[in-house]
Amino acid sequence: MADGPQARESTASAADSGISSADVTRDADEVERRSCPRCDVEPGSPCRSRSGAVAGTYHTGRFTKVPRLAKRLRVQTPADRRPGQPWRPGTPPPAPVDSDRPAADIRIGYARCSSLTQELQSQLDALEAHGIDRDKIFCEKISTRLKVRPAFEKALATARQIKAHAPHCRVILTVYEMKRLGRDASELTALADHLTAHGLILEMLAGPLAGIYDPAGPGRMLFAFFAAIRNRAGSNPRVHPGRTGRRSPQRQPRRPSHRYH
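This is a predicted model, so every value here is computed, not measured. (Residues numbered from 1 in each chain as written. Predicted model: local features only at pLDDT ≥ 70, side-chain atom pairs only at ≥ 80, totals over all residues. Heavy atoms only, no water.)

1. So, the overall build of the protein chain
Part 1 of the argument: When helices and strands are tallied, the protein chain shows seven helices and five strands.
Part 2 of the argument: Scanning the protein chain from its N terminus toward the C terminus, one meets helices and strands in the order α-α-α-β-α-β-α-β-α-β-β-α.
Part 3 of the argument: Out of the 261 residues in the protein chain, the part that is buried amounts to 39%.
Part 4 of the argument: Contacts in the protein chain between residues at least 24 apart in sequence constitute 65% of all its contacts with a sequence separation of at least 6.
Part 5 of the argument: Working note: accessible area of the protein chain is about 16,200 Å², and carbon and sulfur atoms make up 53% of it. (Helix = DSSP H or I, 4+ residues; strand = E, 2+ residues; numbered from the N terminus. Buried < 20%, exposed > 50% of the residue type's maximum accessible area, 1.4 Å probe, protein only. Contact = heavy atoms within 4.5 Å. Areas by Shrake-Rupley, 256 points an atom, 1.4 Å probe, with all protein chains shown as cover.)

Right, dumping it as structure tokens:
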């Protein structure tokens, strides 16, 4: 289903105001931790318009509950929450953790490759070797250029639901490496912030940031740095070592000259 005009307006307004998509997502996550006194929406969902669609902006009485947003004139609904489309309840934020209950780690795996000719088995083997049951691994063959990745959305939804029902557990989204999540630096950073806002943990098995992602201190800065490098590497065409990217012009065979005596 194509995004409606409100979704395009939401993206354009955020760009015009100088707010990055990562900041828009972070603001929305904080607002959605609270209920809305105007449309009676519970925490975990965007605001609802009178027509029953996702509102293009959050209602003032709701976002002013966030101290750092209290002086804003408006707070945009992120485009990925589909403003203008029929409203549906989201996943409620996790309940407060009881410190007396023992904590446990619950891992959700995600594996992806870009084309049908590529294989997924090596990623699946690595995730299973890490202790993730096969029925908790979501996989698909799809390009990161597509905004909607069904298996990835299911993995996120499953992780959020588990966290809501088991707030005392650490719910970890595990991937083989960073590029399985995407190539765009801002998209990767926004995703990491989204997971943190919902109490979820990101883990990578390989690559420069192998291990548990730390959103505090230098962890977020390093994540953004390597995401930017990944983005730059993905935007440049691959050139075989020792060759230039420009193809040398082929010489046309010379036509034999005919001399008349």
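2. Remarks on the pattern of salt bridges
Part 1 of the argument: By the definition in use, this model includes 12 salt bridges.
Part 2 of the argument: Here E30 ties to R68 by a salt bridge, and the two come within 3.0 Å at their closest N and O atoms. Of the two residues, E30 is situated in helix α2 (residues 21-31) and R68 in the loop between α3 (60-63) and β1 (105-113); the sequence distance between them amounts to 38 residues.
Part 3 of the argument: The partner of E32 in a salt bridge is R81, with the nearest N and O atoms 2.9 Å apart. Within this pair, whereas E32 is found in the loop between α2 and α3, its partner R81 is found in the loop between α3 and β1, the two being separated by 49 residues in sequence.
Part 4 of the argument: Taking the relative accessible area as the measure of exposure, R81 reaches 14% and is therefore buried. (Salt bridge = Lys/Arg side-chain N within 4 Å of Asp/Glu carboxyl O.)

3. Description of the nonpolar core
Taken as a class, soluble globular proteins show a tendency for nonpolar side chains to be buried jointly.
Part 1 of the argument: Y110, L173, L181 and F223 are the most contacted members of the largest nonpolar core, which totals 23 residues.
Part 2 of the argument: If you tally residues by element for this core, the top one is helix α5 (residues 150-165), at five residues.
Part 3 of the argument: Residues in contact with L173, not counting those within four places in the same chain, are I108, Y110, F152, A155, L156, L195, I201, L202 and E203.
Part 4 of the argument: In this structure, V31, V66, L69 and W87 belong to the second largest nonpolar core, which totals 14 residues. (Core = buried A, V, L, I, M, F, W, Y, C linked by side-chain atoms within 4.5 Å.)

4. Looking at the sheet that holds strand β3 (residues 170-175)
Part 1 of the argument: Spatially, five strands are ordered β2-β1-β3-β4-β5 in an open sheet, and the strand pairing comes out mixed. One side of each edge strand has no neighbouring strand; the edge strands of this open sheet are β2 (137-141) and β5 (211-212).
Part 2 of the argument: Pairing of β1 with β3, which is carried by six bridges, proceeds in the parallel orientation. Looking at the pairing, Y110 lines up with V175 of β3.
Part 3 of the argument: The strands that helix α4 (residues 121-129) touches are β1, β2 and β3; relative to β1, the one it contacts most, it runs at about 170°.
Part 4 of the argument: Seen against the sheet, α5 touches β1, β2 and β3 and runs at an angle of roughly 165° to β2. (Pairing = 2+ DSSP bridges. Axes fitted to C-alpha atoms, helices over the stretch in contact; angles between N-to-C directions.)

5. Here we look at the packing of aromatic side chains
Part 1 of the argument: On inspection of all chains with the given rule, the structure shows one aromatic pair.
Part 2 of the argument: Measuring from ring centre to ring centre gives 5.0 Å for Y110 and F152, while their planes differ by 55°; the resulting arrangement is tilted. With Y110 in strand β1 and F152 in helix α5, this pair connects stretches of sequence that are 42 residues apart. With respect to burial, Y110 and F152 carry one shared label: buried.
Part 3 of the argument: Lying over the aromatic face of W87, R48 brings its terminal NZ or CZ to 4.5 Å of the ring centre.
Part 4 of the argument: Lying across the ring of F152, R149 places its NZ or CZ 4.9 Å from the centre. (Phe/Tyr/Trp six-rings, centres within 6.5 Å; stacked < 30°, edge-to-face > 60°. Lys NZ or Arg CZ within 6 Å of the ring centre and 35° of its normal.)

6. Some thoughts on the side chain of R149
Part 1 of the argument: Topologically, R149 is positioned in the loop between β2 and α5.
Part 2 of the argument: Beyond its immediate stretch of four places on either side in the chain, R149 contacts Y110, R112, E140, I142, S143, T144, R180, L181, G182 and E187.

7. Examining the environment of P215
Part 1 of the argument: Along the polypeptide, P215 turns up in the loop between β5 and α7 (218-235).
Part 2 of the argument: Judged by relative accessible area, which is 36%, P215 ranks as partly exposed.
Part 3 of the argument: Linking P215 and T196, residues 19 residues apart in sequence, is a C-alpha distance of 7.4 Å.

8. A short note on the pairing of β3
Part 1 of the argument: In terms of burial, β3 is a largely internal element, five of the six residues being buried.
Part 2 of the argument: Relative to strand β4 (residues 201-204), β3 runs parallel, the two being bridged by four bridges. Along β4, the bridge assignment pairs I172 with I201.

9. Points about the confidence of the model for the protein chain
Part 1 of the argument: Mean pLDDT for the protein chain: 80, with 74% of residues reaching 70 or above.
Part 2 of the argument: For the stretch residues 237-246, pLDDT sits under 50, and the model shows two contacts to residues farther than four places along the chain or on other chains. (pLDDT = per-residue confidence, 0-100.)

10. Considering the pairing of β1
If a strand is regular, its side chains alternate between the two faces of the sheet.
Part 1 of the argument: Burial runs high along β1: seven of the nine residues are buried.
Part 2 of the argument: Here β1 runs beside β2; their pairing, made up of five bridges, is parallel. Paired with Y110 across the bridge in β2 is F138.

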